[in-house]
Protein chains: 2
Amino acid sequence: MSTSEESSLGKVEVSMSPQERFEEYLQSRGLRNTDQRRFLIEQVFKHHEHFDADQLIDQLPRKGHENHVSRPTVYRTLNEFVEAGLLRKFELNGRSVYEHDYGYPQHDHFYCTKCHKLIEFQSDELLQLRDAIAREHRFRVRGHRLIIQGVCDDCSRQKRERRVQDRV
Amino acid sequence: MSTSEESSLGKVEVSMSPQERFEEYLQSRGLRNTDQRRFLIEQVFKHHEHFDADQLIDQLPRKGHENHVSRPTVYRTLNEFVEAGLLRKFELNGRSVYEHDYGYPQHDHFYCTKCHKLIEFQSDELLQLRDAIAREHRFRVRGHRLIIQGVCDDCSRQKRERRVQDRV
DNA sequence: ATCGTTGCAAACGTTTTGCATAAGG
DNA sequence: CCTTATGCAAAACGTTTGCAACGAT
């Protein structure tokens, strides 16, 4: 059975689960599939939201409880997930933010400076334009990062409503 | 006389020098124009390259010498330059990178993962596409950050040449 | 005289490391 | 059994802060 991911951007059919994919990655490099790695991959792929290391650690069992994973191991493992192509990492406000990569379509983000939400969007035109620009400059594209900052619809709606209230 | 900046992207005519602009900014807020600020603005606008705090500090006189500026003051002042609209700041590999903003046209960057150079480019089409996408999503754009990663022309040339040499 | 600015040292928040112990293959 | 992985504590990293002394207006 093939796995798929739910999201606002739709699904991408992939032939292996993240777990299977990671096992393959580990085996190909002679690395080991430990309890911690198995547990973390399960947690990380349980939901689709963007997250940083602290958010992940907060949702993990505390020290002394079953399945607790130490902070250094969380960091080490997140780096491995990136290395294995399961996650993508980017910087936002000086900290690393992770998102699903494996089995998930290419996309970019709006970043709302009011509510600090990341909103995904996808544009083929953008990719084409990117490649056209790169071609002009003889630059070999491997990928890109685009974040459009501003105010999301929800937040500008709230502002408008508050303005109306103020008049009453 | 009006000032202008040289660059691959051309010039933008501005009515004040960065120094004058900063003085105005300071005065409007009741802040003070100190020797350190005057010296730093001169250093920062002497060349057009991107730089981070350490690179700036390295090109400054060492402790004990004339015009030395302490590390905290450099950081504080860079933040003020950003606040004043003279510089733009962005994150690259976990550190803050600064570039001229005042008197300099909007642009984006290629980032070469071989030589770690940042190469500027400018595209009006990109801005239009950005705004069109944002409009669709009812997102109010304040700005954006785009970095296209890959390999620059110089580096792929070198690779090609090395391949040819290897055959000899 | 006032109040913003500086330099120092020390703190900060995030991420990484060295090392001894544990555990996967 | 061999080697990789883990947890701990401590370090590293870039950046910020508290505070007393300083200096601009």
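Residues numbered from 1 in each chain as written. Chains lettered and ligands numbered in written order. Predicted model: local features only at pLDDT ≥ 70, side-chain atom pairs only at ≥ 80, totals over all residues. Heavy atoms only, no water.

A. Seen up close, the protein's contact with DNA strand C. Taken together, 23 residues lie around DNA strand C, and A:Arg32, A:Tyr75, A:Arg95, B:Gln36 and B:Arg37 are the ones closest in. If you look at DNA strand C and keep only atoms within 4 Å of the protein, 64% of those are sugar or phosphate atoms. Note that a phosphate oxygen of DNA strand C is positioned 3.4 Å from one of the backbone N or O atoms of A:Asn33. Within the side chain of A:Tyr75, a nitrogen or oxygen atom sits 2.4 Å from a phosphate oxygen of DNA strand C. It is helix 4 (residues 71-83) of chain A that contributes the most residues to the surface near DNA strand C, five residues altogether. Considering only residue class, the surface near DNA strand C consists of six nonpolar, nine polar and eight charged. (Near = heavy atom within 4 Å. Polar contact = N/O pair within 3.5 Å; in protein donor to acceptor, adjacent residues only side chain to side chain. Helix = DSSP H or I, 4+ residues; strand = E, 2+ residues; numbered from the N terminus. Nonpolar A, V, L, I, M, F, W, Y, C, P; charged D, E, K, R; others polar.)

B. View of the sheet that holds strand 1 (residues 51-52) of chain B. All names here are of chain B. Spatial strand order, 1-3-2: three strands in an open sheet with antiparallel pairing. Whereas interior strands pair on both sides, the edge strands pair on one side only; in this sheet they are strand 1 and strand 2 (87-92). As paired elements, strand 2 and strand 3 (residues 95-100) share six bridges and run antiparallel to each other. Residue pairing in the sheet places Leu92 in a bridge with Arg95 of strand 3. (Pairing = 2+ DSSP bridges.)

C. Structural view of the interface of chain A and chain B. Contact residues are listed per partner, giving 35 residues for chain A and 35 residues for chain B. Each partner contributes to the roughly 2,900 Å² buried at the junction of chain A and chain B, and carbon and sulfur atoms together form 65% of this total. When the area that chain A buries against chain B is broken down by residue, the three leading residues are A:Phe110, A:Phe139 and A:Arg140, summing to 21%. For the pair chain A and chain B, the number of links is zero salt bridges. (Contact = heavy atoms within 4.5 Å. Buried area = accessible area lost by both parts, 1.4 Å probe. Salt bridge = Lys/Arg side-chain N within 4 Å of Asp/Glu carboxyl O.)

D. Focus on the packing of helix 1 (residues 18-29) of chain A against helix 2 (residues 35-44) of chain A. Residue and element names in this part refer to chain A. Two numbers describe how helix 1 lies on helix 2: the axes approach to 10 Å, and their chain directions differ by 145 degrees. As for the relative orientation of helix 1 and helix 2, their crossing is right-handed in sense. For the pair formed by helix 1 and helix 2, the contact residues are Pro18, Gln19, Phe22 and Leu26 on the first element and Arg37, Ile41 and Glu42 on the second. Class assignment of the residues belonging to the contact of helix 1 with helix 2 gives a composition of four nonpolar, one polar and two charged. (Axes fitted to C-alpha atoms, helices over the stretch in contact; angles between N-to-C directions. Left-handed = near helix turned anticlockwise from the far one by under 90°.)

E. Structural detail: the sheet that holds strand 2 (residues 87-92) of chain A. Residue and element names in this part refer to chain A. The three strands are arranged 1-3-2 in an open sheet whose pairing can be described as antiparallel. In this open sheet, the two strands that pair with only one neighbour each are strand 1 (51-52) and strand 2. In terms of strand pairing, strand 1 meets strand 3 (residues 95-100) through two bridges, oriented antiparallel. Bridge assignment links Phe51 to a residue of strand 3, and that residue is Tyr98. Contacting strand 1, strand 2 and strand 3, helix 4 crosses the sheet at an angle of about 115 degrees to strand 2.

F. Structural view of the confidence of the model for chain A. Averaged over every residue, the pLDDT of chain A is 91; residues scoring 70 or more account for 92%. Taken together, the stretch residues 1-6 of chain A has pLDDT below 50 and engages in 22 contacts with residues farther than four places along the chain or on a different chain. (pLDDT = per-residue confidence, 0-100.)

G. Main features of the packing of helix 1 of chain A against helix 4 of chain A. Residues and elements named next belong to chain A. Interaxial distance between helix 1 and helix 4 falls to 10 Å at its minimum, and their mutual angle equals 95 degrees. Judged by the inter-axis angle, helix 1 sits roughly perpendicular to helix 4. On helix 4, the residues touching Phe22, Tyr25 and Arg29 of helix 1 are Glu80, Phe81 and Glu83. (Parallel < 35°, antiparallel > 145°, perpendicular 65-115°, else oblique.)

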